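As a plain string of letters, each chain reads:
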Amino acid sequence: MKMTLEANYAIRIVELLAEEGEKLDAKTIAENCDVPERFALKILRKLTAEEIVCSYKGAKGGYKIKGDPSGITLRRVIEAVEGPFIISRCQCDEHVCTKKSCRLHSVYSEISQYVRDKLDSYNFGMILNNNKEDCER
């Protein structure tokens with residue numbers, strides 16, 4: 001199981017904006033995160049809709065992290081672009097298991113909740129501090 005490229009890019013973008021703390025234009029974000037600009041814009045729209053990022057229009061427009069990076073978790077960023085984290089489609093409301101008694105449903109639910117909780121335990125304040133500590137070593 002792998003995280004999608006879109007989620008990976010979203011994390012890079014939020015990390016950059018959290019680290020910079022100031023407004024950056026989409027081209028700069030794309031270049032610094034090594035993300036195609038069109039894809040970066042798509043991700044930035046989703047992050048703005050979820051109020052993780054603020055969008056500024058006009059010639060001096062751009063994007064800026066919204067609020068304190070410590071209030072933004074990995075889960076929140078991943079789910080902003082991917083939707084709710086689940087390990088199996090049988091956990092989706094729109095998918096109905098064909099088995100009358102799905103023995104794995106509760107197992108998948110438990111694993112999914114564990115991963116969601118773990119992703120919630122990491123925020124971008126922590127991530128930025130970890131990177132600084134790694135550079136000082």
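Residues numbered from 1 in each chain as written. Predicted model: local features only at pLDDT ≥ 70, side-chain atom pairs only at ≥ 80, totals over all residues. Heavy atoms only, no water.

Draft legend 1. Summary view of the nonpolar core. Within the largest apolar cluster, 33 residues are counted, with the highest numbers of intra-cluster contacts made by Ile13, Leu17, Ile29, Leu47, Val77 and Phe124. Elements with a contribution of two residues or more to this core: helix H1 (5-20), helix H2 (26-33), helix H3 (37-49), strand S2 (62-65), helix H4 (74-82) and helix H6 (124-136). In terms of residues, this core owes the most to one element, H1, which gives nine residues. For leucine 17, the residues in contact, after removing those within four places along its chain, are Glu22, Leu24, Ile29, Leu44, Val53, Tyr63, Lys64 and Ile65. (Core = buried A, V, L, I, M, F, W, Y, C linked by side-chain atoms within 4.5 Å. Buried < 20%, exposed > 50% of the residue type's maximum accessible area, 1.4 Å probe, protein only. Helix = DSSP H or I, 4+ residues; strand = E, 2+ residues; numbered from the N terminus. Contact = heavy atoms within 4.5 Å.)

Draft legend 2. The arrangement of the side chain of arginine 116 in detail. Structurally, arginine 116 can be placed in helix H5 (residues 105-120). Among buried charged residues, arginine 116 stands out as having no salt bridge; its nearest opposite-charge side chain is glutamate 79, 5.1 Å away. Excluding anything up to four places from it in sequence, arginine 116 contacts Arg75, Glu79, Phe85, Ile86 and Ser109. (Lys, Arg positive; Asp, Glu negative; His and termini not counted. Salt bridge = Lys/Arg side-chain N within 4 Å of Asp/Glu carboxyl O.)

Draft legend 3. Highlighting the packing of H1 against H3. Packing of H1 against H3 leaves a shortest axis separation of 10 Å and a crossing angle of 75°. As judged from the angle between their axes, H1 and H3 are roughly perpendicular. Between H1 and H3, the residues in contact are Glu6, Tyr9, Ala10, Ile13, Val14 and Leu17 and Phe39, Ala40, Lys42, Ile43, Leu44, Lys46 and Leu47, respectively. Taken together, the residues of the contact of H1 with H3 break down into ten nonpolar, no polar and three charged. (Axes fitted to C-alpha atoms, helices over the stretch in contact; angles between N-to-C directions. Parallel < 35°, antiparallel > 145°, perpendicular 65-115°, else oblique. Nonpolar A, V, L, I, M, F, W, Y, C, P; charged D, E, K, R; others polar.)

Draft legend 4. Focus on the environment of glutamate 51. Here glutamate 51 shows up in the loop between H3 and strand S1 (53-56). Classification of glutamate 51 by relative accessible area gives partly exposed; the value is 48%. Note: C-alpha distance between glutamate 51 and alanine 80 (29 residues apart in sequence) is 9.4 Å. When near neighbours in sequence (up to four residues on either side) are disregarded, glutamate 51 contacts Lys66 and Arg76.

Draft legend 5. Representation of the pairing of S2. The sheet contact formed by S1 and S2 spans four bridges and is antiparallel. Paired with valine 53 across the strands is isoleucine 65, a residue of S2. (Pairing = 2+ DSSP bridges.)

Draft legend 6. Looking closely at a nonpolar patch on the surface. Together, Leu104, Val107 and Ile111 make up a nonpolar patch on the protein surface, roughly 220 Å² of accessible area in all. Position of isoleucine 111 among the secondary structure elements: in helix H5. Using a relative accessible area of 36% as the deciding quantity, one classes isoleucine 111 as partly exposed. (Patch = residues over 30% accessible without salt bridge, like charges linked within 9 Å, V, L, I, M, F, W, Y side chains within 5 Å. Areas by Shrake-Rupley, 256 points an atom, 1.4 Å probe, with all protein chains shown as cover.)

Draft legend 7. The arrangement of the packing of H4 against H5 in detail. Two numbers describe how H4 lies on H5: the axes approach to 6 Å, and their chain directions differ by 115°. Of the residues in H5, those touching H4 at Leu74, Arg75, Ile78 and Glu79 are Arg116, Leu119 and Asp120. Of the residues in the contact of H4 with H5, the class split is three nonpolar, no polar and four charged.

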